[in-house]
Amino acid sequence: MVAGKKSEPSVRYALIDCDPGVDDALALAMGFASPFFRYAAVTTVHGNVSARLAYRNARRVVSFLRGHLESSIPDVPVYPGASLALDGSRLNRSESRMIHGPEGMGAMFDKKRRLPRLGRGSSKPAWEVLVGHALKRGSQLTIITLGPLTNLALALRHAPEVFSRVKRIVVMGGAARMPGNVTPAAEFNIYCDPLAAKEVFSSGLPITMVGLDVTRRALLSVDEFKGGGSFRAALRDLIRVYARFAKKRRRAENITLHDPLALAVAMKPDLVETASCRVDVDASQGIARGMTVVDLRENKESRVKNPVDVALDLDVKGFLAFFISHLREYRGWDVDEE
Ligand code: BDR
Ligand code: CA
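Below is a short write-up of the structure. (Residues numbered from 1 in each chain as written. Chains lettered and ligands numbered in written order. Predicted model: local features only at pLDDT ≥ 70, side-chain atom pairs only at ≥ 80, totals over all residues. Heavy atoms only, no water.)

Quick look at the coordination of the calcium ion (ligand 2)
Inference 1: For the calcium ion (ligand 2), every protein donor is listed as Asp19 (OD), Asp24 (OD), Asp24 (OD), Leu146 (O) and Asp259 (OD), and the spread of their distances is 2.3 to 2.6 Å.
Inference 2: For the calcium ion (ligand 2), all donor residues lie on one chain, and their spacing in sequence is D-x4-D-x121-L-x112-D. Placement of Leu146 in the loop between strand E4 (141-145) and helix H5 (150-158) and of Asp259 in helix H11 (residues 258-267) is noted, with a sequence separation of 113 residues between them.
Inference 3: On the accessibility criterion, Leu146 (1% relative accessible area) is buried.
Inference 4: Look at Asp259 and you get buried, because its relative accessible area is 2%. (Donors = N, O, S within 2.8 Å, 3.2 Å for Na, K, Ca; no water. Helix = DSSP H or I, 4+ residues; strand = E, 2+ residues; numbered from the N terminus. Buried < 20%, exposed > 50% of the residue type's maximum accessible area, 1.4 Å probe, protein only.)

Some details on the packing of helix H1 (residues 22-32) against H11
Inference 1: At a minimum axis distance of 6 Å, the contact between H1 and H11 shows a crossing angle of 30°. The orientation of H1 with respect to H11, classified from their angle, is roughly parallel. You can see that H1 and H11 cross each other, and the crossing is right-handed. Side by side, H1 and H11 meet where Asp23, Asp24, Leu26, Ala27, Met30 and Gly31 of the first sit next to His258, Asp259, Pro260, Leu263, Ala264 and Met267 of the second.
Inference 2: When grouped by side-chain class, the residues that make up the contact of H1 with H11 number seven nonpolar, two polar and three charged. (Axes fitted to C-alpha atoms, helices over the stretch in contact; angles between N-to-C directions. Parallel < 35°, antiparallel > 145°, perpendicular 65-115°, else oblique. Left-handed = near helix turned anticlockwise from the far one by under 90°. Contact = heavy atoms within 4.5 Å. Nonpolar A, V, L, I, M, F, W, Y, C, P; charged D, E, K, R; others polar.)

A closer look at H11
Inference 1: With ten of ten residues buried, H11 lies mostly within the body of the structure.
Inference 2: Buried residues of H11: His258, Asp259, Pro260, Leu261, Ala262, Leu263, Ala264, Val265, Ala266 and Met267, and no others.

Structural notes on the packing of aromatic side chains
Aromatic ring pairs are defined here through the distance separating the ring centres and the angle between the ring planes.
Inference 1: Going through the model one piece at a time under the given rule, you end up with eight aromatic pairs.
Inference 2: Taking 4.8 Å as the distance between ring centres and 90° as the angle between the ring planes, the aromatic pair formed by Phe36 and Phe37 counts as edge-to-face.
Inference 3: In this structure Phe36 comes out as partly exposed when scored by relative accessible area, which is 24%.
Inference 4: For Phe37, a relative accessible area of 6% puts it in the buried group.
Inference 5: Across from the ring centre of Phe36, 3.7 Å away, lies the NZ or CZ of Arg12, which sits over that ring.
Inference 6: When the ring centre of Trp333 is taken as reference, the NZ or CZ atom of Arg232 above it lies at 4.1 Å. (Phe/Tyr/Trp six-rings, centres within 6.5 Å; stacked < 30°, edge-to-face > 60°. Lys NZ or Arg CZ within 6 Å of the ring centre and 35° of its normal.)

Remarks on unusual backbone geometry
Inference 1: Note that the residue after Pro20, namely Gly21, is joined by a cis bond; omega there is -10°.
Inference 2: Examined against the element boundaries, Gly21 turns out to sit in the loop between strand E1 (13-18) and H1.
Inference 3: Residue Arg251 is not a glycine yet carries a positive backbone phi of 50°.
Inference 4: Turning to its location among the elements, Arg251 is positioned in the loop between helix H10 (230-250) and strand E8 (254-256).
Inference 5: Arg251 gets classed as exposed once you look at its relative accessible area, which sits at 77%.

Considering helix H12 (residues 316-327)
Inference 1: For H12, with twelve residues, the first-to-last C-alpha span of 17 Å sits near the 16 Å given by 1.5 Å per residue.
Inference 2: Of the residues making up H12, those classed as buried are Phe319, Leu320, Phe322, Phe323, Ile324, His326 and Leu327.
Inference 3: Those residues of H12 hidden inside the fold are in contact with H1, strand E7 (219-221), H10, H11 and strand E12 (308-314). (Expected span 1.5 Å × (residues − 1).)

Take a look at the structure:
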């Protein structure tokens, strides 16, 4: 505690590290509508889009959401982050463009819709922001990562000791008993920077891994976005390309809420059932690059070192109701005011 400053023991702070990205934007929408967390910062990273676009998209989304909230929230600052994986590699984003749209936000900010002003930005690098908030907020801080783990790994390399005080780190990424989504072995966020993921998962910090085992079941019907007012129309545009891709790939009229689920778990951990296991990551250039190897063997001894809470089961109905109830908080979800 800084001398002279009053402590705020009951305040829960969150820092979201993301690569918006359609489902990243939906996660921010859900989170900001709840008083559960006070958002300390949004940091951005390469992934679904370039680091430059992720930073810009996050600033636009934050300002757009604030403009539609009934209860005003503070202007959450957005920070730019890493543009390459720790090993210097860069992903080919051709499939990401098909999933999230050419600039990552589906059709939400297409020319016909007036662009929201850019929210508060900064030139401070994300890793430094992560270190600063871990130091300042300690056990009041939850970190939620919705993209590749590069920023967090960099922060851990710079100041590992400060992170032992944070409450929890919730990671959207990986797969324990499921195939990957970007290769047969790897989930996208981990595949983008396997070395970063390896360092984070072996850190011994209190981590919850919210991977494809549960996010693949977090499917929301596109019908939920029909009708309503201008806010719902904007989200309809946001998900248009994402939903089209899902329909082509899975022949389903629904979207996968990967990132919203990770943030929901940070707010309501009992939405998932977890197992405490070691998680290692293949950071090689081989066919299993980016695979999370989760030790689910019965032999407990193999699991004790630096365990991670891995989500294996999900209360699907409970989560979908939780998600939608938050979107209802926005002006223009149901009808627009005259
Ligand atoms: C993850 O990959 C990205 O495309 C999504 O935003 C999500 O974070 C799912 O594998
Ligand atoms: Ca993401």
